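Fold and contact review
Okay, here's what each chain looks like letter by letter:
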Amino acid sequence: MNALDPQALPVAPAEQEQLIQEPRRREAYLAEAEKLSHTGSFGWNVSRDEYFWSDETFRIFEFARSSKVSLQMILERVHPQDMRSVNMALAAANRAEGIDLDFRLLMPDGRIKYLHVAGKSERGETGTIEVIGAVMDVTTRELTEVELRRSKEAYVTEQRHAEVVISKQEAELHEVVDSIPAIVWRALPDGSNSYANSRFVEYVGMPAGQIAGSGWQAAVHPDDLERHKAKWLASAARGEPHENDVRFRRADGQYRWQLCRGIPVRDETGDIVRWYGVLTDIEDRKRAEDKIREQETELRQLLDFAPQLIAVYGPNRERLYANRIALDYLGLSLEEWRQTRAPAAFVHPDDRERELVYLASARSNGSADQLELRLRRGDGVYRWFLARYNTVRDNNGQILRCYVSNTDIEDRKRAEERLQQENVALREEIDKASMFEEIVGTSPALQTVLSRISKVAPSDSTVLVTGETGTGKELVARAIHRRSRRASRAFVAVNCAAIPRDLIASELFGHEKGAFSGAVQRRLGRFELADGGTMFLDEVGELSSDVQVALLRVLQEREFERVGGGERIRVDVRVVAATNRDLTVAVADGTFRQDLFYRLNVFPLEMPPLRERREDIPVLVEYFVGRYARKAGKTFRRVSKRILDRLQSYPWPGNVRELQNVIERSVIVSDPDEFTVDESWLSAPPLVESRLGLSSTLAAHEKTIVEDALRASDGRVFGPSGAAVRLGIPPSTLDSKIRALKINKSRFRTRPAKPSQ
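As a starting point, this report considers the structure included with it.

Calculation criteria
Residues numbered from 1 in each chain as written. Predicted model: local features only at pLDDT ≥ 70, side-chain atom pairs only at ≥ 80, totals over all residues. Heavy atoms only, no water. Helix = DSSP H or I, 4+ residues; strand = E, 2+ residues; numbered from the N terminus. Contact = heavy atoms within 4.5 Å. Areas by Shrake-Rupley, 256 points an atom, 1.4 Å probe, with all protein chains shown as cover. Pairing = 2+ DSSP bridges. Axes fitted to C-alpha atoms, helices over the stretch in contact; angles between N-to-C directions. Expected span 1.5 Å × (residues − 1). Buried < 20%, exposed > 50% of the residue type's maximum accessible area, 1.4 Å probe, protein only. Left-handed = near helix turned anticlockwise from the far one by under 90°. Nonpolar A, V, L, I, M, F, W, Y, C, P; charged D, E, K, R; others polar. Salt bridge = Lys/Arg side-chain N within 4 Å of Asp/Glu carboxyl O. Core = buried A, V, L, I, M, F, W, Y, C linked by side-chain atoms within 4.5 Å. Phe/Tyr/Trp six-rings, centres within 6.5 Å; stacked < 30°, edge-to-face > 60°. Polar contact = N/O pair within 3.5 Å; in protein donor to acceptor, adjacent residues only side chain to side chain. Parallel < 35°, antiparallel > 145°, perpendicular 65-115°, else oblique.

The next point concerns the overall build of the protein chain. Assigned secondary structure in the protein chain consists of 26 helices and 26 strands. For the protein chain, the proportion of contacts with a sequence separation of at least 24, taken over those separated by at least 6, is 56%. For the protein chain, the accessible surface area stands at approximately 43,500 Å², while carbon and sulfur atoms represent 52% of it.

See the structure below:
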């Protein structure tokens with residue numbers, strides 16, 4: 001064995017296995033490549049008609065791998081129309097020439113496959129011919145090419161048809177454009193004119209060639225040319241639709257307004273290829289608009305001169321217009337008013353909810369209605385207005401505009417409020433009903449008072465009426481008012497002792513909303529109600545010190561402020577005051593201001609007690625008997641002299657009021673015909689010697705009673721267990737008496753026990 005022979009060299013088993021697997025791996029790679037490329041390989045010994053096919057070749061021809069391939073099998077699957085070219089390729093192979101052939105297979109199921117075969121022929125030394133080549137399945141490619149050819153042919157056909165249609169349509173369009181009663185033009189992408197219809201040519205009286213390019217500008221009004229040209233070129237540069245009002249000269253030289261519109265036409269890439277436009281005559285519309293503007297100007301002038309605040313709103317309540325009066329009232333310009341966002345920014349907060357409810361109702365039912373509300377002035381002051389809303393709707397019922405007119409009714413509201421309060425005061429006075437309708441009596445003491453009343457009544461001097469309880473001090477005040485120049489105005493009476501001390505200031509001077517708990521709205525005071533008239537302050541000595549200060553200011557300055565307010569209110573009121581207390585003693589005690597006393601005591605009037613005018617008792621008895629007999633439906637023929645004598649001898653500590661009560665009681669129980677009085681009702685108490693105060697004995701007795709009540713009430717005056725309830729008198733009256741009697745309430749209060757250590 002030759003030592004240099006490689007086969008003689010020893011080879012390891014692993015290496016032998018590697019040498020065996022390597023060809024197999026390469027064959028596997030080749031087979032996978034053929035499968036992916038749909039390309040099979042083959043060998044053909046032409047002389048012996050032997051075939052060597054790869055697996056992919058079998059798959060392409062769709063023969064079983066175990067089939068014995070022959071030329072006859074192959075030819076049976078060749079498409080009949082390709083048989084000639086296949087035979088020519090076989091003849092070339094027999095001549096040892098190469099093969100390059102495209103043909104089709106007709107499969108048993110009718111499918112057609114497109115193949116491309118390329119091969120190389122070689123002749124051996126023995127004269128045998130062998131062909132080595134590849135066969136490729138190109139069915140997908142061929143079908144795609146066929147479809148593309150068909151699509152291209154269809155596209156070309158459609159394009160030619162479209163061009164014919166477009167040409168025909170363009171011809172028809174030109175004919176229509178030239179015949180329609182409108183001016184039509186066409187421009188290039190840069191904005192230069194490229195076409196004008198015959199109507200345009202006839203209108204401007206210029207040849208079509210002269211209109212082309214920028215020649216059309218010669219027909220534009222000189223005042224509009226630069227504006228229109230700049231706007232048109234800007235639209236052309238941006239590629240945006242164009243619209244503008246411009247005047248064009250007609251062939252007869254007259255200029256008329258035209259609405260010029262132009263739109264761009266773009267190709268598939270979005271580039272502008274041309275512009276089309278039209279001119280529409282709007283001369284009549286322009287004239288109508290000018291007329292409307294003139295009318296609007298006149299209307300706005302009328303609205304500006306109207307005394308109402310007028311505003312116009314859009315369908316969504318957007319602000320459109322407000323007249324000059326409204327803007328001046330609000331202190332705003334029209335633009336500032338329009339930019340105000342809040343829908344009810346100028347309406348009083350207390351009226352906004354009512355205004356929104358009313359507006360919703362007006363918008364829903366469409367009927368005009370009115371609403372009273374307060375609007376804020378530029379300086380922050382609110383005034384009352386009567387607002388009337390009117391909506392304008394289209395044919396579908398949709399709101400186009402809302403017109404609102406506001407009429408100032410502040411003075412009317414004040415007058416209504418004043419009248420309402422005066423009516424309340426009048427009803428209160430009527431309910432309280434004076435103890436007699438007129439002053440009755442002819443005694444010298446009474447005539448002296450009436451004489452002084454007639455002298456002081458025409459003046460505006462303040463009057464202080466004094467006298468015991470029941471002498472008719474309010475009647476004197478009314479007599480002064482009726483005989484004064486203020487008789488046609490209000491007479492307002494206030495009993496200062498009947499109103500709680502915490503509320504008397506509000507009653508006299510009024511209060512603002514929220515001034516104290518329960519003040520849910522503004523309330524006018526009695527002084528405001530009595531403006532121009534007379535204010536009667538009964539029991540004026542019961543006023544607290546702070547109210548005395550406010551009253552002094554009214555008498556001195558003729559002005560005051562509501563409780564909780566800062567606005568100064570001026571009034572013209574004549575004051576008539578009355579009291580059954582000795583105010584000089586109260587001034588000395590420090591419970592009544594001295595300066596206020598002198599302001600009230602300008603003209604003093606003292607009403608005499610009934611015991612000092614006994615000659616008036618028969619007249620009063622006759623008056624009261626007749627008055628209450630009519631109410632009771634009775635008739636009394638006489639009053640016995642004995643009864644009259646008894647009535648005249650009685651001291652009447654309660655004065656005329658006590659006499660009135662006795663007569664009324666007697667009318668009820670007396671039989672008809674003769675009037676009688678139960679003399680047990682006339683048990684006279686100790687005679688009161690002083691007209692204006694209690695005697696020392698009675699005062700001491702009263703002080704003892706008050707101290708006993710305070711001691712039992714632990715020093716409390718007010719409340720359900722207070723001394724006032726025990727004595728059956730108003731707490732404010734008892735409090736005044738305690739001060740007058742100089743009683744120290746604190747010494748009756750029980751001290752708490754000391755806690756145990």
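Now for the sheet that holds strand E7 (residues 193-196). Judged by pairing direction, the sheet is antiparallel, and its five strands sit side by side in the order E7-E6-E10-E9-E8 without closing on themselves. Looking along the sheet, the strands with just one partner apiece sit at the ends: E7 and strand E8 (242-249). In this sheet, adjacent strand axes meet at a mean angle of 30 degrees when their direction is disregarded. In the sheet, strand E9 (residues 255-266) pairs with strand E10 (residues 272-281) via nine bridges, with the strands oriented antiparallel. Residue arginine 266 lies in a different strand from E10, and its bridge partner there is isoleucine 272. Here helix H8 (residues 222-238) sits on the sheet in contact with strand E6 (183-187), E8, E9 and E10, set at roughly 150 degrees to E8.

Let us look at helix H21 (residues 617-632). Between the first and last C-alpha of H21 there are 22 Å, a value that for 16 residues agrees with the 22 Å anticipated at 1.5 Å per step. Taken together, the buried positions of H21 are occupied by Ile617, Leu620, Val621, Tyr623, Phe624, Val625, Arg627, Tyr628 and Ala629. The inward-facing, buried residues of H21 contact strand E25 (636-639), helix H22 (641-649), helix H23 (655-669) and strand E26 (673-675).

Our focus in this paragraph is the sheet that holds strand E20 (residues 534-538). Ordered in space as E17-E20-E23-E16-E24, the five strands form an open sheet in which the pairing is parallel. With partners counted over all chains shown, the strands left at the sheet margins are strand E17 (491-495) and strand E24 (603-606), one partner each. Adjacent strand axes in the sheet meet at a mean angle of 20 degrees, parallel and antiparallel pairs treated alike.

Once that is clear, we can look at the packing of H21 against H22. Helix packing geometry: the angle between the two helix axes and the distance between the axes. Two elements in contact, H21 and H22, have axes separated by 10 Å at closest approach and are oriented at 115 degrees. As H21 packs across H22, the resulting crossing turns out to be right-handed. Of H22, the residues touching H21 (which contributes Ile617, Pro618 and Val621) are Leu644, Leu647 and Gln648. Each residue belonging to the contact of H21 with H22 can be placed in one class, and the counts come to five nonpolar, one polar and no charged.

Moving on, we come to unusual backbone geometry. We note that arginine 317 has phi near 65 degrees; this positive angle belongs to a residue other than glycine. When you line up the elements, arginine 317 lands in the loop between strand E11 (309-313) and strand E12 (319-322). Phi at glutamate 539 takes a positive value of approximately 55 degrees, unusual for a residue other than glycine. Mapped onto the fold, glutamate 539 is located in the loop between E20 and helix H18 (545-557). According to the relative accessible area criterion, glutamate 539 is buried, its value standing at 14%.

The next point concerns H23. Under the 1.5 Å per step criterion, the end-to-end length of H23 is 22 Å for 15 residues, consistent within 8% with the ideal 21 Å. The set of residues buried in H23 consists of Asn655, Val656, Glu658, Leu659, Gln660, Val662, Ile663, Ser666 and Val667. The elements touched by buried residues of H23 are H21, E25, H22 and E26.

It is worth spelling out the environment of leucine 115 at this point. Structurally, leucine 115 is set in strand E4 (residues 112-123). Measuring from C-alpha to C-alpha, the distance between leucine 115 and phenylalanine 103 comes to 5.5 Å, with 12 residues separating the pair along the chain. Each residue touching leucine 115, except ones within four places of it in the same chain, is listed here: Ile60, Phe61, Leu101, Asp102, Phe103, Leu105, Val135, Met136, Asp137 and Val138.

Turning next to the pattern of salt bridges. Throughout the structure, instances matching the rule amount to 52 salt bridges. A salt bridge links glutamate 559 to arginine 553; its shortest N-O distance comes to 3.2 Å. We classify arginine 553 as partly exposed; its relative accessible area is 26%. Each member of the salt-bridge network shares a partner with another, and the members are Glu512, Arg522, Glu528, Arg562 and Glu567.

It is worth spelling out the nonpolar core at this point. Judged by nonpolar contacts, the single largest core of 34 residues is most densely connected at Leu508, Phe527, Met535, Leu537, Val540, Leu551 and Leu600. The set of elements that each furnish at least two residues to this core consists of E17, helix H16 (504-509), helix H17 (526-529), E20, H18, strand E23 (574-579), helix H19 (583-589) and helix H20 (594-600). Looking at which element gives the most residues to this core, the answer is H18, with five residues. Ignoring any residue separated from it by four or fewer positions in sequence, one finds leucine 600 in contact with Thr462, Val463, Leu464, Val540, Leu555, Val575, Ala577 and Phe592.

Examined against the element boundaries, arginine 637 turns out to sit in strand E25. Among the residues examined, arginine 637 registers a relative accessible area of 71% and is labelled exposed.

Inspection of the entire model under this criterion finds 20 aromatic pairs. Look at tryptophan 53 and phenylalanine 63: their rings are 6.1 Å apart centre to centre, the planes differ by 10 degrees, and that puts the pair in the stacked class. Residue tryptophan 53 is found in strand E2 (residues 50-53), and its partner phenylalanine 63 is found in the loop between helix H2 (55-61) and helix H3 (71-76); the two are separated by 10 residues along the sequence. When its relative accessible area of 12% is taken as the criterion, tryptophan 53 is described as buried. On the accessibility criterion, phenylalanine 63 (12% relative accessible area) is buried.

Below, the discussion takes up the side chain of aspartate 351. Mapping aspartate 351 onto the fold places it in the loop between helix H11 (334-338) and helix H12 (352-365). Among the polar contacts made by the side chain of aspartate 351, one reaches the side chain of arginine 354 at a distance of 3.1 Å. A polar atom in the side chain of aspartate 351 sits 2.9 Å from the backbone nitrogen of arginine 374. When sequence neighbours within four positions are dropped, the list of residues in contact with aspartate 351 reads Leu373, Arg374 and Trp384.

On to the side chain of arginine 526. Tracing the sequence through the fold places arginine 526 in helix H17. Take arginine 526: its relative accessible area is 6%, and that puts it in the buried class. Within the local environment of arginine 526, its side chain forms a polar contact with the side chain of glutamate 507, the two groups lying 2.9 Å apart.

Between H21 and H23, whose axes approach to 9 Å, the crossing angle comes to 45 degrees. Classed by the angle they form, the pair H21 and H23 counts as oblique. In the crossing of H21 with H23, the sense of the turn from one axis to the other is right-handed. Residues Leu620, Val621, Phe624, Val625, Arg627, Tyr628, Ala629 and Ala632 of H21 touch H23, and the partners they reach there are Val656, Leu659, Gln660, Ile663, Glu664 and Val667. Tallied by class, residues from the contact of H21 with H23 come to 11 nonpolar, one polar and two charged.

Let's shift gears to the pairing of E4. With eight bridges connecting them, strand E3 (residues 99-106) and E4 associate as antiparallel partners. Following the sheet pairing, leucine 105 is matched in E4 by lysine 113. Following E3, the chain reverses through five residues before pairing antiparallel with E4; glycine 110 in that reversal takes a positive phi of roughly 95 degrees. Here E4 pairs with strand E5 (residues 129-137) via nine bridges, running antiparallel. The partner of histidine 116 across the bridge, within E5, is methionine 136. Two successive antiparallel strands, E4 and E5, enclose a turn made up of five residues, where glycine 127 displays a positive phi of approximately 90 degrees.

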